[in-house]
Amino acid sequence: MTRSLKPALFLVCLLPLAWWFWLGFQQQLGANPIEFITHGTGDWTLRLLLLTLLMTPLKRGFGWAWPLRVRRMLGLFAFFYATLHLFTYLWLDQFFDWGEIGRDILERPFITLGMTGYVLLLPLALTSTKAMMKRLGRNWKKLHHLVYLVATLGVLHFWWLVKADVREPLLYAALLGILLLARLYWARLTTRAGASSFRGA
Ligand code: HEM
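Please set out the coordination of the iron atom of the ligand residue by residue, giving values where relevant.
Looking at the iron atom of the ligand, one finds its protein donor set to be His85 (NE2) and His157 (NE2), positioned 2.0 Å from the metal centre. One can describe the site at the iron atom of the ligand as octahedral: its 6 donor atoms subtend angles covering 86 to 179° at the metal. Placement of the pair is His85 in helix α3 (residues 66-93) and His157 in helix α8 (residues 146-161), with a sequence separation of 72 residues. Judged by relative accessible area, His157 falls into the buried class, the value being 16%.

If you want it as structure tokens, here you go:
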């Protein structure tokens, strides 16, 4: 089962993109296709980031092995959709007008937060290979803890841009909060177990 899980999940992760292409061919992307794609790619970046963060708790909570096998792929898909999101903004929204883009980054806090999130996600994607994992050793894990900050920036970015109805960003914030609390809980358990085995030694 686990052998076919990865290719199956790979295809599932491509479904949003396939759906947008399909809607595009049918001319069904709505009155503002650029906004439609920006929102879609932003939503999927955040969903995939949270799914990536869910894998370790699933492994720890249920003892399953498969979540860690698909974690890297989910993280890379989050990066893939984040890159589509960024390029939709840079190309289709701003036509690579770097002056305007620079002003946006400096003057619109939600763009500043999104851009910071993307810049921090970049080294995680670049160091996701087994070779880089080996090369960075213990620092790899430390570096990859940044994913929590990236997800937090993603939620804040979303929160900041919605004008009135904050229900959706609130839901993402709650999910992220649960994932962070689970990690803190296990970190404390590990520290305690370490301390008691030290006392016992
Ligand atoms: C980790 C990085 C990022 C995440 C997780 C993220 C996530 C999101 C989400 C969830 C939305 C709202 C979608 C909706 O309304 O349904 C959004 C919208 C948007 N994002 Fe991002 N984003 C990220 C990075 C960026 C970057 C780097 C830029 C550009 C510099 C950007 C520009 C925008 C714009 C222009 C919108 C639409 C704003 C509007 O409603 O007018 N985002 N993003």
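The structure having been displayed, the exposition proceeds.
Talk me through the packing of aromatic side chains; I want residue IDs and the actual numbers.
A complete count under the given rule lists 10 aromatic pairs for this structure. Judged by centre distance (5.3 Å) and plane angle (65°), the rings of Phe10 and Phe77 are edge-to-face. A residue pair is termed long-range when its members are at least 10 positions apart, and Phe10 in helix α1 (residues 2-25) and Phe77 in helix α3 qualify at 67 residues. Classification of Phe77 as buried rests on a relative accessible area of 7%. Both rings, one in Phe62 and one in Trp64, keep their centres 4.4 Å apart while their planes meet at 10°; by these two values the pair is stacked. Look at Phe62 and you get exposed, because its relative accessible area is 54%. Exposure remark for Trp64: the relative accessible area of 36% places this residue in the partly exposed category. A network of ring pairs unites the aromatic residues Phe10, Trp20, Phe77, Phe80 and Tyr81 as a single cluster.

Give a description of the site of the ligand that names residues and reports values.
Among the 19 residues in the neighbourhood of the ligand, the closest are listed as His39, Asp43, His85, His157 and Leu161. Within the side chain of His39, an N or O atom sits 2.8 Å from an oxygen atom of the ligand. Taken together, the elements giving at least two residues each to the shell around the ligand come down to α2 (33-62), α3, α5 (109-126) and α8. Ranked by residue count, the leading element in the shell around the ligand is α2, at 6 residues. In terms of residue class, the shell around the ligand is made up of 10 nonpolar, 8 polar and 1 charged.

So, the environment of Lys59: which residues are in play, and what are the values?
With respect to the helices and strands, Lys59 occurs in helix α2. For the pair Lys59 and Leu49, spaced 10 residues apart in sequence, the C-alpha separation works out to 17 Å. Setting aside its immediate chain neighbours within four residues, Lys59 contacts Trp64, Ala65, Pro67 and Leu68.

Account for α5, naming residues and giving values.
The end-to-end C-alpha distance of α5, which contains 18 residues, comes to 26 Å, matching closely the 26 Å that a straight helix rising 1.5 Å per residue would cover. Those residues of α5 not exposed but buried are Phe110, Ile111, Leu113, Met115, Gly117, Tyr118, Leu121, Leu124 and Ala125. Residues of α5 that are buried make contact with α2, α3, α4 (98-107), α7 (138-144) and α8.

Lay out a nonpolar patch on the surface in plain terms, naming residues and giving numbers.
The grouping of Phe87, Trp91, Leu92, Phe96 and Trp98 at the surface amounts to a nonpolar patch, some 540 Å² of accessible area in total. Top element by residues in the nonpolar patch is α3. It accounts for 3 residues. Mapped onto the secondary structure, Phe87 falls in helix α3.

Tell me what's going on with α8, and back it up with residues and numbers.
Helix length check: α8 (16 residues) gives 23 Å between terminal C-alpha atoms against 22 Å at 1.5 Å per residue, within 8%. Of the residues making up α8, those classed as buried are Val147, Tyr148, Val150, Ala151, Leu153, Gly154, Val155, His157 and Phe158.

Describe in detail the side chain of Gln94, supporting the description with residues and values.
Among the structural elements, Gln94 can be located in the loop between α3 and α4. Within polar-contact distance, the side chain of Gln94 engages the side chain of Asp104 at 3.3 Å. Those residues in contact with Gln94 that sit more than four places away from it in its chain are Tyr89, Glu100, Ile101 and Asp104.

Residue-level account of the packing of α2 against α8, with values.
The geometry of α2 relative to α8 is characterised by a closest axis approach of 10 Å and an angle of 145° between their N-to-C directions. Two packed elements cross with a definite hand, and for α2 against α8 that hand is left-handed. Contacts between α2 and α8 involve Asp43, Leu46, Leu49 and Leu53 from the first element and Val147, Tyr148, Val150, Ala151, Gly154, Val155 and Phe158 from the second.

Rules behind the numbers
Residues numbered from 1 in each chain as written. Predicted model: local features only at pLDDT ≥ 70, side-chain atom pairs only at ≥ 80, totals over all residues. Heavy atoms only, no water. Donors = N, O, S within 2.8 Å, 3.2 Å for Na, K, Ca; no water. Tetrahedral: all angles 85-135°; square planar, octahedral: opposite > 155°, others 65-115°. Helix = DSSP H or I, 4+ residues; strand = E, 2+ residues; numbered from the N terminus. Buried < 20%, exposed > 50% of the residue type's maximum accessible area, 1.4 Å probe, protein only. Phe/Tyr/Trp six-rings, centres within 6.5 Å; stacked < 30°, edge-to-face > 60°. Near = heavy atom within 4 Å. Polar contact = N/O pair within 3.5 Å; in protein donor to acceptor, adjacent residues only side chain to side chain. Nonpolar A, V, L, I, M, F, W, Y, C, P; charged D, E, K, R; others polar. Contact = heavy atoms within 4.5 Å. Expected span 1.5 Å × (residues − 1). Patch = residues over 30% accessible without salt bridge, like charges linked within 9 Å, V, L, I, M, F, W, Y side chains within 5 Å. Areas by Shrake-Rupley, 256 points an atom, 1.4 Å probe, with all protein chains shown as cover. Salt bridge = Lys/Arg side-chain N within 4 Å of Asp/Glu carboxyl O. Axes fitted to C-alpha atoms, helices over the stretch in contact; angles between N-to-C directions. Left-handed = near helix turned anticlockwise from the far one by under 90°.

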